[in-house]
Amino acid sequence: MPVIAIVNRKGGSGKSTLATHIAAWLAHQGASVLLGDIDRQQSVLSWLKRRDPDLPAITPWTVDRGHILKKPPSITHVILDTPGGIHGFELAKVVMTADAVVIPVCNSLFDRESACRGHAELLSLPRVSSGRCALGVVGMRIDSRVQSTQTLRDWAGAQGMNFLGELGDAPMYVSGLENGRTLFDLPKDIHTTDLLKDWKPLLQWLRPIARLPGRAAPVISLVHSRRATTNSAFGPLVSTPSPPSS
Ligand SMILES: Nc1ncnc2c1ncn2[C@@H]1O[C@H](COP(=O)(O)OP(=O)(O)OP(=O)(O)O)[C@@H](O)[C@H]1O
Ligand SMILES: [Mg+2]
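For every chain, the first residue of the written sequence is number 1, and numbering continues from 1 along that sequence. Chain letters and ligand numbers both follow the written order, the letters beginning at A and the numbers at 1. This being a predicted model, a pLDDT of at least 70 is required before a residue's local features are given, and a value of 80 or more before pairs of side-chain atoms are given or counted; all residues contribute to the totals for chains, interfaces and linings.

A. Representation of the confidence of the model for the protein within the structure. Looking at the protein as a whole, its pLDDT mean stands at 85, while 83% of the residues score no less than 70. Here pLDDT means the predictor's own confidence in every residue, given as a number from 0 to 100. Distance between backbone-placed C-beta atoms decides contact: two residues are in contact if it is within 7 Å. Every residue in residues 217-236 is under pLDDT 50, and counting partners more than four places away or in other chains gives 29 contacts. Of the regions scoring below 50 in pLDDT, residues 240-246 engages in four contacts with residues more than four places distant in sequence or in other chains.

B. Inspection of the site of ligand 1 at higher detail. The local shell around ligand 1 holds 20 residues, among which Gly 11, Lys 15, Ser 16, Thr 17 and Gly 84 are the closest. In this text, helices come from DSSP runs of H or I with a minimum length of four residues, and strands from runs of E with a minimum of two, each type numbered from the N-terminal end. Where the shell around ligand 1 is concerned, the elements lending two or more residues are α1 (15-28), β7 (134-142) and α7 (171-178). When grouped by side-chain class, the residues that make up the shell around ligand 1 number seven nonpolar, nine polar and four charged. The criterion for a residue being near a molecule or strand is simple: its C-beta atom, placed using the backbone, must lie within 6 Å of it. Amino acids are sorted into nonpolar (Ala, Val, Leu, Ile, Met, Phe, Trp, Tyr, Cys and Pro), charged (Asp, Glu, Lys and Arg) and polar (every other residue, Gly among them).

C. Just the environment of Leu 196, in detail. Here Leu 196 is to be found in helix α8 (residues 190-197). Residue class for Leu 196 comes out partly exposed when judged on the 16 C-beta atoms lying within 10 Å of it. Through-space distance from the C-alpha of Leu 196 to that of Phe 184 is 7.9 Å; in sequence the pair is twelve residues apart. As a rule, residues whose C-beta atom has 12 or fewer other C-beta atoms within 10 Å are exposed, those with 20 or more are buried, and those in between are partly exposed; C-beta atoms are placed from the backbone.

D. Local environment of the pairing of β7. For β7, the tally of buried residues reaches nine of nine residues, placing the bulk of the element in the interior. Note that strand β6 (residues 100-106) and β7 share seven bridges and pair parallel. Bridged to Val 101 within β7 is Leu 135. A strand pair is defined by DSSP finding two or more bridges across the two strands. Judged from the three bridges that link them, β7 and strand β8 (residues 163-168) form a sheet pairing that is parallel. Across the sheet, the residue bridging to Gly 139 is Glu 166, located in β8.

E. The arrangement of the nonpolar core in detail. Each nonpolar core reported here comprises buried Ala, Val, Leu, Ile, Met, Phe, Trp, Tyr and Cys residues connected via C-beta atoms within 7 Å. By size, the foremost hydrophobic cluster in this structure holds 64 residues, and its most contacted members are Ile 4, Ala 5, Ala 23, Val 95 and Val 101. When residues of this core are assigned to their parent elements, the largest contribution, eight residues, is made by α1. Leave out the neighbours within four places in its chain, and Ile 4 touches Ile 22, Ile 79, Ala 98, Asp 99, Ala 100, Val 102, Leu 206 and Ile 209.

F. Region of interest: the sheet that holds strand β2 (residues 33-37). Spatial ordering of the open sheet is given by β3-β2-β5-β1-β6-β7-β8, a layout of seven strands whose pairing is parallel. The open sheet has two free edges, formed respectively by β3 (58-62) and β8, since each of these has just one partner strand. Sheet twist, expressed as the mean angle between neighbouring strand axes with direction ignored, is 25°. Across five bridges, the pairing between β2 and β3 is parallel. Opposite Asp 37, over in β3, you have Thr 62 as the bridge partner. In this analysis an axis means a line fitted to C-alpha atoms, helices contributing only their contacting stretch, and an angle means the value between N-to-C directions, from 0 to 180 degrees. On the sheet, α1 packs against β1 (3-6), β2, β3, β5 (77-81), β6 and β7 and is oriented at approximately 170° with respect to β5. Of the strands in this sheet, β1, β6, β7 and β8 are in contact with helix α9 (residues 200-209), which crosses β8 at around 130°.

G. Just unusual backbone geometry, in detail. The backbone of Arg 141 sits at a positive phi, close to 50°, despite the residue not being glycine. Along the chain, Arg 141 turns up in strand β7. C-beta crowding within 10 Å serves as the criterion here: with 21 such atoms nearby, Arg 141 is assigned to the buried category. Of note in the backbone geometry, Arg 211 takes a positive phi value of approximately 55° without being a glycine. By the element assignment, Arg 211 lies in the loop between α9 and β9 (238-239). On the basis of neighbour count, Arg 211 is assigned to the exposed category, with 12 C-beta atoms found within 10 Å.

H. Structural context of the environment of Ile 142. The residue Ile 142 is located in strand β7 in this model. Classification of Ile 142 as buried rests on a count of 22 C-beta atoms within 10 Å. On a C-alpha basis, the gap between Ile 142 and Asn 107 in space is 6.8 Å, while along the polypeptide they are 35 residues apart.

Below you can see the structure in the form of structure tokens.
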């Protein structure tokens, strides 16, 4: 069962926006999605409460910190939203079960510096360094009228990050979230179609991770020569119930 976590220490970087969008995209692909919220603000749960029941369903799940929770057996995909400031043991616990971590980064000096430190910590975790958990970086709230997207691209390239494009700054993200919707739930008009183009590199990268059919994007390998080790102190955050013994 693919688990995708959205992580950035920096508050307001777009984690919940990204988590809800990826969950909705997967739900539209026919997946049975669990949206886990380990953020004390429980932003995605408030969003889910506003979601129209006629839209593709997303199952809410509050992850109780420090406890291993069993997911319902019908679930095929898990998206985990995380709080700002997550690091150390909490971060390791999330990554322990993740197949991919997506890092949303706004284009400011402080945001980039914070993302750099977070990215370095993620790379130090065995599951990431061994290549079992893929890392991707997405530019968030990029206003192309005032910011050069090249700055962020160049920065990500210089850090050796797997850069998966940038999402434009648009009020539709804010208004959609108010109504329990994402861009993927809105009618396909000229505005949504234009904004959805930004998502192509990220979704193409996620497809094979999410085990969805489609053309796979080249994945930058983070496999290091160092062999993966498992710290048994870190239990997995997500566990699948074992089949009943016969
Ligand atoms: N592409 C975008 N265009 C415009 N506004 C956006 C975009 N992405 C996110 N936002 C807005 O930016 C704000 C912060 O986003 P979000 O809540 O997703 O960040 P977060 O990282 O989850 O924050 P926190 O660390 O507090 O949990 C929200 O008001 C959201 O609606
Ligand atoms: Mg949030």
